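Survey of secondary and tertiary structure
The residues making up each chain are set out below.
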Amino acid sequence: MLLPAFCAGQLAAARIVYPQAAVGPLGSDEFHIELHLANRDPNVPWQGTLRFLDGQTLSPAADLTIRVPPAEPADMGTSVAVNLPPSGAQSYYISSPGQLVVGVLVIESETAAPENLVTSFFYRLLTGGEGKDLIAVQPSRSPGLAYSVTLTRRAGLDVGLALVADDAIARAVQGLSIPATDVTLTFTPASGEPLVAQIQLGGGNAPHRPIFPSEVFGAAFPVEVDSGRLDLHASRPIHVTLLAVGTAPLFEDVQIGAAPAESAAWELFRLPEGGSFPEGGANLLAERFWPCSSSALEEVPGGLIGETGGSWTTVTHTQGPSLDIPGDFHVAAAVHAGAGYQGSLMLVGRLPSGTAWYRGVRRLDVGVSETGAVTLTAFNDSPSPVISQEWPVDPPLAGKAVLEIARSGNRLAVAANGRPIGEIQDNFGLLEDRRLWLGLNLPPRSRFALYGLAAMLPPGGQATLRPSPFRETQQIPEQALRIAAGARGLAVGAAVAPNFIADEPDYRRILGGQFNMLTAENVMKWEPIHPEPDRFNFCPADALVEFAQANQMAVRGHTLVWHNQLPSWVSSGNFTKEELMAVMRRHIQTLVGRYRGKVAHWDVVNEALDDSPGNPLRETVFLETIGPEYIDWAFRWAHEADPDAKLFYNDYGIEDLGSKSDRTYQLVRDLKERGVPIHGVGFQFHLRLPWAPTKTRMKENFARFTELGLEVAVTELDVGIPTPGITAEELERQAEIYRNVLEACLETEGCKTFVTWGFTDKHTWIPGFTDGKYDAPLPWDENYQPKPAFFALLETLRSP
Ligand code: XIL
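What you see is a predicted model; the values in this text were computed from it and never measured. The numbering scheme is per chain: residues are counted from 1 as the chain's sequence reads. For this predicted model, a pLDDT threshold of at least 70 governs which residues receive local features, and a threshold of 80 or more governs which side-chain atom pairs are given and counted, while totals over whole chains, interfaces and linings are taken from all residues. Based on all heavy atoms of the structure, the side-chain values leave hydrogens and waters out of the count.

**Side note on the overall build of the chain**
Looking only at helices and strands, the chain features 18 helices and 42 strands. The burial tally for the chain puts 58% of its 800 residues in the buried class. Whether two residues touch is decided by their heavy atoms; if any such pair falls within 4.5 Å, the residues are in contact. For the chain, the proportion of contacts with a sequence separation of at least 24, taken over those separated by at least 6, is 78%. Put simply, the chain shows about 31300 Å² of open surface, and 49% of that area lies on carbon and sulfur atoms. For the purposes of this entry, the term helix denotes a DSSP run of H or I that reaches at least four residues, the term strand denotes a run of E that reaches at least two, and both are numbered from the N terminus. A simple rule labels every residue: compare its accessible area, found with a 1.4 Å probe on the protein chains alone, to the largest value its type can have, and call it buried under 20%, exposed over 50%, or partly exposed in between. The accessible surface values rely on the Shrake-Rupley method and a 1.4 Å probe; as for residues, cover is taken only from the protein chains in view.

Listed below in structure tokens is the structure:
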């Protein structure tokens, strides 16, 4: 077994897919858990681990017996491997002689998709318990901030919820303190006022807790509830399971919607009378990408959380949606209020025009203070505010609080939880440009939870939503490479970066208009996407994938295993062979699993060959620690995580016939012979004038690879021109090379992919990489004008 044993620090490495809080106190009652697991995936096995963590410290429970039919009951130990074949199912029966008071059942997997695991769970008291049974139903699969649960309660049946703070399990196992999570519970009865209660998990209290509304709300909670709604808003992600206890409770008695509820966020906001939501305005958080704007923010199901260090975090979310506001409108934000929580929603009417943060800026911040007051600050082209207000609220805001800013002509009125708080005049030009970006401003050492964000229109109001630049669909011009390439079954792509998509309209226009494929130039590489052992930075990669989907483009994932742009925690981690294999497997499967079905090609291993003929493989930490078999493992693990993705070996200097190409051939031939799931070879094609391989030799080179049953792909084409002074002849020669490479691909049956390394000379790695000796390697110039190379490509694609 490759996974490290259950020990400090390791659990955090796995993806927890099913924390199931069990309840207590059970005293000396004997109990019995029946757990049924099924794998929904018809192709891929579901592999993971099952464990039961005991008590407040969440250490592995002792004295548990498990029976996995047909085997006999056995000591459960600290963990049990779960191994469900495709479409397979398995039952588990866990029992204990007593002692266990409260526990959490955890199912985790590094490899399997959580949504493919189907679970059901019975919890039976075998002795004692006054003849009552307890069942737990449908725990949330991914932790979230907002839940909406439908409850039924009647004589002989009581319903409740088991809550687990998401990071509790991993942190408790590592011996770390568990931060407080505040939860606001709101029960909305059929008639009458909502009941509100607050509880806390962690922060000195139990990190997981069964709660029954009958206890939390006391006598105010009705004895008979036909179908009541209970909303939960937590300040950090929690898991929720519905519990029913009673005499032979039946599943039919319990109705739930206990899943992180996007819709719960919508229900936060009440429209102004006679008002409406502008299209897309009801849930502005659905537009996402906040972590691309700031690493202090984390998107979680049901909202956004933030935590600041010693300095302010001021984020204008230009990567997200913005509003055009010719008329009156409201903006509302539901936030968490309470000790330790503070922060503001920012409305930014004009972005900074210089390097100083305040230069030209028109901005209004409305937020909550730590004491539960409402704050308002306005800026106009100066570092000190033009307006600064604090309005105390009685009683102070606590738990979930809805802040609302309503514009009516020149008036800006602020309300909290539906009550008017104060108003100001917009005499500082906030709305002069009729455009509004959203943002967040968080003071040092504060926490923040945002459950929802919406734009609303009062009667006669006007506002329209501009989607995030990553969701903008570009027009395809008549002279588009993608049209001509698509007609011949060729994917034509470019390597790109999300920041340019967000910031430069020309960049996204040409990218989406001209190409039907894109490669992540940097954001899927190990260092940027997995900078620390337990931290992934997915946002920029997600943004690229989203742009590709909005524009019907395929995605090439680049690259899983490479010696460059590899963080030092990997390259200098001094891992043993087993450890590095586990690290590599987790990295590969997390990425490939996350983008399963969305990334069509992966460059699984990049540049593994040494340049000198004597040493066949490059000396990397992977080769030195694991041995040459690391290449086999990388492909196998990637294939396990997405059996439909095409997997490539990618390298440079192999475009022409020659020694390095020979060694590539031997490498991939051996992989094929060993049954390693490799589907293609990527030829980088970083060329420089004047030299390029001839078309005949490229085709001959390609042919021996396609004879192995592999695809070949042009993956990183660019053609540098020597500096200084770029002549018209050079641009023509460059165009000819582009044409030759494309023709070699088109004339090779197994070549279906043609990707350039960037597309505009404005953004290319070549001058940086060559010390300024080469430049202008791409088909568009730095002003986004097409060069001869572009016309050569278009013409070649169009000629029969
Ligand atoms: C380059 C990127 O273009 C640069 O932005 C980055 O600084 C370094 O890496 N072969 C590869 C690519 O496989 O990942 C490299 O990309 C270029 C060489």
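**A short note on the layout of surface pockets**
With a 1 Å grid spanning the protein atoms alone, the term cavity applies to any set of points in which a 1.4 Å probe fits but cannot get out, the term pocket to an open set with protein on both sides within 12 Å along at least five of seven lines, and the term lining residue to any residue with an atom within 4 Å of a point. Grid points are joined across faces, edges and corners, and a volume is the space filled by probe spheres set on the points. Roughly 1100 Å³ of internal volume is contained in the second largest pocket. Arg 270, Lys 400, Val 402, Asn 417 and Gly 418 are the residues nearest the centre of the second largest pocket, which is lined by 37 residues in total. Considering every element that reaches the lining of the second largest pocket, the biggest residue donor is strand β28 (residues 411–416), with five residues. Gly is put with the polar residues, along with every residue not named as nonpolar or charged; the nonpolar set is Ala, Val, Leu, Ile, Met, Phe, Trp, Tyr, Cys and Pro, and the charged set is Asp, Glu, Lys and Arg. Classifying every residue of the lining of the second largest pocket by side-chain character gives 19 nonpolar, nine polar and nine charged.

**Comments concerning the packing of aromatic side chains**
By convention, a stacked pair of Phe, Tyr or Trp rings (six-membered ring in the case of Trp) has centres within 6.5 Å and planes under 30 degrees apart, an edge-to-face pair has planes over 60 apart, and any other such pair is tilted. Going through the model one piece at a time under the given rule, you end up with 24 aromatic pairs. A ring pair is formed by Trp 357 and Tyr 358, whose centres lie 5.6 Å apart and whose planes are at 85°; its orientation type is edge-to-face. Overall, Trp 357 belongs to the partly exposed group, its relative accessible area being 42%. One aromatic cluster in this structure is built from Phe 500, Tyr 507, Phe 515, Phe 759, Trp 780, Phe 790 and Phe 791. The residue whose ring lies beneath Arg 594 is Phe 538, and the NZ or CZ to ring-centre distance is 3.8 Å. Positioned over the ring face of Tyr 652 is Lys 660, at 3.5 Å from the centre of the ring. Over a ring means this: the NZ of a Lys or the CZ of an Arg is within 6 Å of the ring centre and within 35 degrees of the ring normal.

**Some remarks on the state of the cysteines**
Note: disulfide means a covalent bond formed between the sulfur atoms of two cysteine side chains. For the purposes of this analysis, a disulfide is any pair of cysteine sulfur atoms at a distance within 2.5 Å. This model, assessed by the stated rule, comprises two disulfides. Among the cysteines of the chain that take part in disulfides, numbered as they appear in the sequence, the pairing is 1-2, 3-4.

**Quick look at empty space enclosed by the protein**
A complete count under the given rule lists two cavities of 30 Å³ or more for this structure. Its boundaries defined by the atoms lining it, the largest cavity holds a volume of some 50 Å³. Every residue lining the largest cavity is listed: Asn 39, Asp 41, Val 44, Pro 45, Trp 46, Thr 111, Ala 112, Ala 113, Asn 116, Arg 596, Glu 640 and Ala 641. Grouping the constituent residues of the lining of the largest cavity by class yields six nonpolar, three polar and three charged. Along its surface, the second largest cavity is lined by Val 561, Trp 562, His 563, Val 605, Asn 606, Glu 607, Ala 608, Thr 620, Phe 622 and Tyr 630. Its residues assigned to classes, the lining of the second largest cavity comprises six nonpolar, three polar and one charged.

**Notes on the side chain of Thr 664**
Residue position: Thr 664 is located in helix α14 (residues 659–673). Apart from residues lying up to four places away in sequence, Thr 664 is in contact with Leu 609, Tyr 649, Ile 654, Val 681 and Phe 705.

**As for the site of the ligand**
The nearness test applies per residue and asks whether one of its heavy atoms lies within 4 Å of the molecule or strand. Around the ligand, the structure places 13 residues, and the nearest of them are Glu 521, Lys 525, His 558, Glu 716 and Trp 757. Contacts to the ligand include His 558, whose side-chain N or O atom sits 2.6 Å from an oxygen atom. Under the rule applied, a polar contact is a pair of N or O atoms within 3.5 Å (in protein, one hydrogen donor and one hydrogen acceptor; residues adjacent in sequence only if both atoms are side-chain atoms). Contact between the ligand and Glu 607: a nitrogen atom at 3.1 Å from a side-chain N or O atom of the residue. Considering the ligand on its own, with 410 Å² of exposed area, one finds that the protein chains cover 79% of that surface. Here the shell around the ligand is composed, by residue class, of three nonpolar, six polar and four charged.

**What to know about the environment of Gly 88**
Structurally, the position occupied by Gly 88 is in the loop between β7 (80–84) and β8 (89–96). Overall, the relative accessible area of 11% leaves Gly 88 in the buried class. Gly 88 has contacts with Leu 37, Ala 38 and Asn 39, leaving out every residue within four places of it along the chain.

**Re the sheet that holds strand β22 (residues 329–337)**
Strand pairing is defined by DSSP finding a minimum of two bridges between the two strands. Across the sheet, which stays open at both edges, the seven strands sit in the order β18-β19-β31-β22-β27-β28-β29 with antiparallel pairing between neighbours. Bordering the open sheet on either side are β18 (297–300) and β29 (419–425), each of which pairs with just one other strand. Pairs of neighbouring strands in the sheet enclose a mean axial angle of 25°, with direction left out of account. Inspection of the sheet shows strand β19 (residues 303–307) paired to strand β31 (residues 447–456) by four bridges, in the antiparallel sense. When the bridges of β31 are listed, Gly 306 appears paired with Phe 448. Orientation is described by lines fitted to C-alpha atoms, with helices fitted over the stretch in contact, and by angles between N-to-C directions that extend from 0 to 180 degrees.

**Re the packing of helix α11 (residues 577–594) against helix α13 (residues 630–641)**
In a packed pair of helices, the relevant descriptors are the angle between the two axes and the axis-to-axis distance. For the pair α11 and α13, interaxial distance at closest approach is 8 Å and the crossing angle is 35°. In terms of crossing hand, the pair formed by α11 and α13 is right-handed. Mapping the contact onto sequence places Met 581, Met 584, Arg 585, Ile 588, Gln 589, Val 592 and Gly 593 in α11 and Tyr 630, Trp 633, Ala 634, Trp 637, Ala 638, Glu 640 and Ala 641 in α13. Of the residues contributing to the contact of α11 with α13, the split by class is 10 nonpolar, two polar and two charged. Crossing handedness: left-handed means the near helix sits turned counterclockwise from the far one by under a right angle, and right-handed means the same turn made clockwise.

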